[in-house]
Amino acid sequence: MRIGIAGTGNMARVLGTRWSRAGHDVLVGGRDAGRAAALADQIGAQAGTLRDAARHGRDAMLLAVPYSAAIGVVSGLADTVRGRTLIDCSNPMALGFVLETWGGPSAAERIAAAAPGASVVKAFNLCHESVWRLTPPVFGGRPLAVPICGDDAPALEAVRFLVRDLGCVPVNGGGLDRAGLLEATAALLIGLWVGEGADAQAIAPPLEYAGG
């Protein structure tokens, strides 16, 4: 697959590394040409601008920038990402582990509104970047499950493929209108993990007990 990555931070680094090693054609784009070139050299990818990443990402584009920058980035690339699968891994979280988007559209929906014609999929937002370094992320013999939300069937299938390339299991999270629930889940889990030092995984019973 041809994958464009917008951003040069930790998520761009870890997911770009894994996908590059899986044989995908990856291009990293950023505002800072030097940072993009250095990251691309480290992970075995090509380097360019943000627009180069959008042009390259024929099969998928990962938006790996902070939520505070995401709307501006996609607005500037709206013409280029039209018809593309646009993966949003952001968490719109403010101090106190609360959602910046509380009471309104989700981050993913706002990104979709800023890039009409792109097929936005919410994914990869629940785990710290260190988890994606694991090859593969398996805990107690169970592969990590990755929920995804989106409306476009081909885009969802492309993201499922990329999830499986990480050694993970894709899980249907519903349409993009449910992305806000996924973002709220991240805020809750991060608040428990970081704020309380709690084992957030322990709050849910095993599947066989979940239905009562």
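Quick caveat: nothing in here was measured; it's all calculated off a predicted structure. (Residues numbered from 1 in each chain as written. Predicted model: local features only at pLDDT ≥ 70, side-chain atom pairs only at ≥ 80, totals over all residues. Heavy atoms only, no water.)

Digging into the packing of aromatic side chains
Here is step 1: By the definition in use, this model includes two aromatic pairs.
Here is step 2: With a centroid separation of 5.8 Å and 70° between ring planes, the pair formed by tryptophan 19 and phenylalanine 124 is classed as edge-to-face. With tryptophan 19 in helix α1 (residues 10–21) and phenylalanine 124 in the loop between β8 (119–122) and α7 (129–132), this pair connects stretches of sequence that are 105 residues apart.
Here is step 3: On the basis of relative accessibility, which here comes to 0%, the residue tryptophan 19 falls in the buried class.
Here is step 4: Given the relative accessible area of 1%, phenylalanine 124 is considered buried.
Here is step 5: Aromatic ring contacts, followed pair by pair, group Trp19, Phe124 and Trp132 into a single cluster. (Phe/Tyr/Trp six-rings, centres within 6.5 Å; stacked < 30°, edge-to-face > 60°. Helix = DSSP H or I, 4+ residues; strand = E, 2+ residues; numbered from the N terminus. Buried < 20%, exposed > 50% of the residue type's maximum accessible area, 1.4 Å probe, protein only.)

Examining the pattern of salt bridges
Here is step 1: By the definition in use, this model includes eight salt bridges.
Here is step 2: Residue lysine 122 pairs with aspartate 88 through a salt bridge whose shortest N-O separation is 2.8 Å. You can see lysine 122 sitting in strand β8 and its partner aspartate 88 sitting in strand β5 (residues 85–88), a full 34 residues away along the chain. Like lysine 122, the residue aspartate 88 is buried in the burial classification.
Here is step 3: Where glutamate 129 meets arginine 133, a salt bridge forms, and the shortest distance between an N and an O atom there is 2.9 Å.
Here is step 4: Salt bridges sharing partners connect three or more residues here, namely Asp88, Lys122 and Glu183. (Salt bridge = Lys/Arg side-chain N within 4 Å of Asp/Glu carboxyl O.)

Note that every value here comes from positions in space, so none of it alone points to a role or purpose.
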